[in-house]
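Summary of structural features
Single-letter residue listing:
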Amino acid sequence: MSSLNPQQEKILTAFVTALAQQEESLPAGLQNQLQAISQNLETRIVELPVIAASLPSLNQAYQVALSDTQSEGEQEATLVSTNQDRSAKLRDRAIQILTDPDPVQAAQRHQSRGIGQIASNPLKRLFGRG
């Protein structure tokens, strides 16, 4: 498996963050689409924004999360070597969430364990400000 490129990471991070902020489970049709996407995540990651756009509450959370990751992503552009390992972990975690029978609850569980820090800048964590 290849690692994700920075744009794919932003999409995935924002989508998982948005999922965790949902108050209701996704409709069954969307859950099925997410499971299908997770089977070939690297090539189908571009479908996640389309899925987000199909549900107003998810789209709103996705847009906010995406703008947050865009601003942090600019600062991370130089940290390539650590990004590959993080990218693989992000991809694996996202696949677990997307294949869960209830992706919203899975995303919430993962975030409540501190995994939501994927979206924060690793330098902030290093210096205790994240």
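How each quantity is defined
Residues numbered from 1 in each chain as written. Predicted model: local features only at pLDDT ≥ 70, side-chain atom pairs only at ≥ 80, totals over all residues. Heavy atoms only, no water. Core = buried A, V, L, I, M, F, W, Y, C linked by side-chain atoms within 4.5 Å. Buried < 20%, exposed > 50% of the residue type's maximum accessible area, 1.4 Å probe, protein only. Helix = DSSP H or I, 4+ residues; strand = E, 2+ residues; numbered from the N terminus. Contact = heavy atoms within 4.5 Å. pLDDT = per-residue confidence, 0-100. Phe/Tyr/Trp six-rings, centres within 6.5 Å; stacked < 30°, edge-to-face > 60°. Polar contact = N/O pair within 3.5 Å; in protein donor to acceptor, adjacent residues only side chain to side chain.

**A closer look at the nonpolar core**
L12, F15, L19, L48 and Y62 are the most contacted members of the largest nonpolar core, which totals 30 residues. Mapped by element, the contributors of at least two residues to this core are α1 (6-20), α2 (28-39), α4 (48-53), α5 (56-76), α6 (80-99) and α7 (103-112). Tallying contributions element by element places α1 first for this core, with eight residues. Those residues within four positions of L19 in sequence are excluded, and the remaining contacts are L26, L58, I97, L98, P103, V104 and A107.

**Digging into the side chain of Q8**
Mapping Q8 onto the fold places it in helix α1. By relative accessible area, which is 14% here, Q8 ends up buried. When near neighbours in sequence (up to four residues on either side) are disregarded, Q8 contacts E42 and I45.

**Description of the confidence of the model for the protein chain**
Fine structural detail should not be taken from predicted coordinates in areas where pLDDT scores are low. Looking at the protein chain, pLDDT values average 82 and 75% of them are 70 or higher. Mean pLDDT in the protein chain bottoms out at helix α8 (residues 122-126), which sits at 46, and peaks at α4, which reaches 97. The low-confidence segment residues 115-130, where pLDDT is below 50, has 28 contacts with residues more than four positions distant or belonging to other chains.

**Quick notes on the packing of aromatic side chains**
Here the distance between the centres and the angle between the planes together describe a pair of aromatic rings. The final tally for this structure, using the stated rule, is one aromatic pair. Here F15 and Y62 contribute two aromatic rings whose centre-to-centre distance is 6.4 Å and whose plane-to-plane angle is 65°, an arrangement assigned as edge-to-face. Remark: Y62 occurs in helix α5 and F15 occurs in helix α1; sequence separation between them is 47 residues.

**Re the environment of D68**
By the element assignment, D68 lies in helix α5. With relative accessibility at 44%, the residue D68 sits in the partly exposed group.

**Quick look at the environment of S87**
Structurally, S87 can be placed in helix α6. Residues S87 and S3, 84 residues apart in the sequence, show an inter-C-alpha distance of 5.8 Å. Apart from the residues lying within four places of it in its own chain, the contact partners of S87 are S3, L4 and E9. Side-chain polar atoms of S87 contact the side chain of E9, separated by 3.5 Å.

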